[in-house]
Amino acid sequence: MRFDGFALFLALALFVAAPARAGCGDPLPGPGTPVAIAEVLPESDRLALSAAVYLALSDDAGRTDRPWRDIEAAPPCPLSTIDDDGVTWRVSGGEGSAPLRWARATGVDVYYFLVQGPNLEESKAWLQTRRHGAAGGRSATFLVGTDGGLQYALKMYEGAPDARRLAADLAEAISGRTVPFAAFDPTGNAVTLRNDTDSGVRSELFRPSMLGPNRPAILLGPDGHFFAPAPGGVRLRGAEIVCADAYGPFARGRTTVISPDDETLDLSCSLNSDESWITIFSTHIAHDRGDKAMFRSAIKATQSETGVKRRPVESRPTRGDQMRAGAVWMDRNDMGQGLWFIRRGEYVVEVRATFRLDETDAVFDLLAAVLRNEVPPARAGEPTEPLG
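Every residue gets a number counted from 1 within its own chain, in the order that chain's sequence is written. Side-chain atom pairs in this predicted model are given and counted only at pLDDT of 80 or more, local residue features only at pLDDT of at least 70, and totals for whole chains, interfaces and linings cover all residues. To obtain the side-chain values, all non-hydrogen atoms of the structure were used and water was disregarded.

Right, let's talk about the pairing of strand 24 (residues 347–355) for a bit. Of all 9 residues in strand 24, 8 are buried, a share of seventy percent or more. Strand pairing is assigned whenever DSSP identifies at least 2 bridges connecting the two strands. Helix numbers and strand numbers start at the N terminus; a helix is a DSSP run of H or I with at least 4 residues, a strand a run of E with at least 2. Pairing geometry for strand 21 (residues 277–284) and strand 24, over 8 bridges, is antiparallel. In the sheet register, Phe-281 faces strand 24, and the bridge partner there is Glu-350. In this sheet, strand 24 lies alongside strand 23 (residues 336–344) in antiparallel orientation, the contact comprising 9 bridges. Bridged to Arg-344 within strand 24 is Tyr-347. Remark: 2 residues form the turn of the hairpin made by strand 23 and strand 24, two consecutive strands paired antiparallel; Gly-345 in that turn has positive phi of roughly 60 degrees. A 1.4 Å probe rolled over the protein chains alone gives each residue an accessible area, and that area as a share of the maximum for its type sets the label: buried under 20%, exposed over 50%, partly exposed in between.

Here we come to the environment of Asp-169. Residue placement: Asp-169 occurs in helix 5 (residues 163–174). Overall, the relative accessible area of 8% leaves Asp-169 in the buried class. In the structure, Asp-169 is positioned 14 residues away from Lys-155 in sequence and 8.2 Å away in space, judged by C-alpha atoms.

Quick look at the confidence of the model for the protein now. Regions with low pLDDT should not have their predicted coordinates read in detail. pLDDT is a per-residue confidence score from the predictor, ranging from 0 to 100. With 87% of its residues at a pLDDT of 70 or more, the protein shows a mean pLDDT of 88. Working rule for contacts: check all heavy atoms of both residues, and any pair within 4.5 Å makes them a contact. Scored below 50 in pLDDT, residues 1–22 makes 56 contacts in the model with residues more than four places away or belonging to other chains.

See the structure below:
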């Protein structure tokens, strides 16, 4: 999702009314004052804001396609259009379970919608009485954009914005000027806030009992349980390894809860540069009896999948008693591939890398830092937050 763009007056000028069928898209009452969010959130406000986003965007039955399926099933109700950089976005009105409003453009995967949810006081009351089910109030509305399987909360309003305010805010979001204040993963029912918090925790998992290998949860910051705040990164539960905010050119992106139970605990942390990507997995495997065969099989399967060219990738020795197996090679697409296995007590740490060959040294620097469980010093200009 882009977050840089045109001036507001230009966006308003491009908002064009479109005829609607009779009885659809009831006028929004307004004024819908935007809610100001503190730069540093106390714990009570962190929980309340996270709960408000969760309750506005989640589905009681556990559906992961909300609101897309409701939008697809809604009868046509065109209200207006917004033109941005040669692309026409069509704004529609919803009824029933569909959002109040949504905006889509032909050939664009991203879409935007306006949905009701609780305000902060209502979500605080919900937190005191229950952790699942519908909220007791719907006094707020949320302007949300989608990208990469996540939903990004862009604005929160007291009440509903009127047509003019919504037009301005939609156009501002479409042209890239709005920074999200939260991200929601509809598969994992997880909310990550952008702003700092007193506790250092910015992510919240609301239905961890639903998680598993076929339904992971994506977090963009520490949740305090699976990924604890740590200087310069997050610390993974179990293996207690730190995934740094950045290792040289590789910046941390998503962290994922694959299996939440301690006996089968499986976590991952992804890092990437422009054309390279690395994933660090931490998996609870109590006994090391089958390590040698398991590691050898995994390396062989990965090499079969990527292909192996005979020209080797330059590598350097990586020392450490914890390193149990590893291989590095050039694949059929002339990209570097690396797969390494580290044993830390009852946990196996797996590092998988696909990288440009000119970043080979940086990959080995990352691997050495993981082996030492160290966080490299931050460099000026390095991104540190996926929502930043």
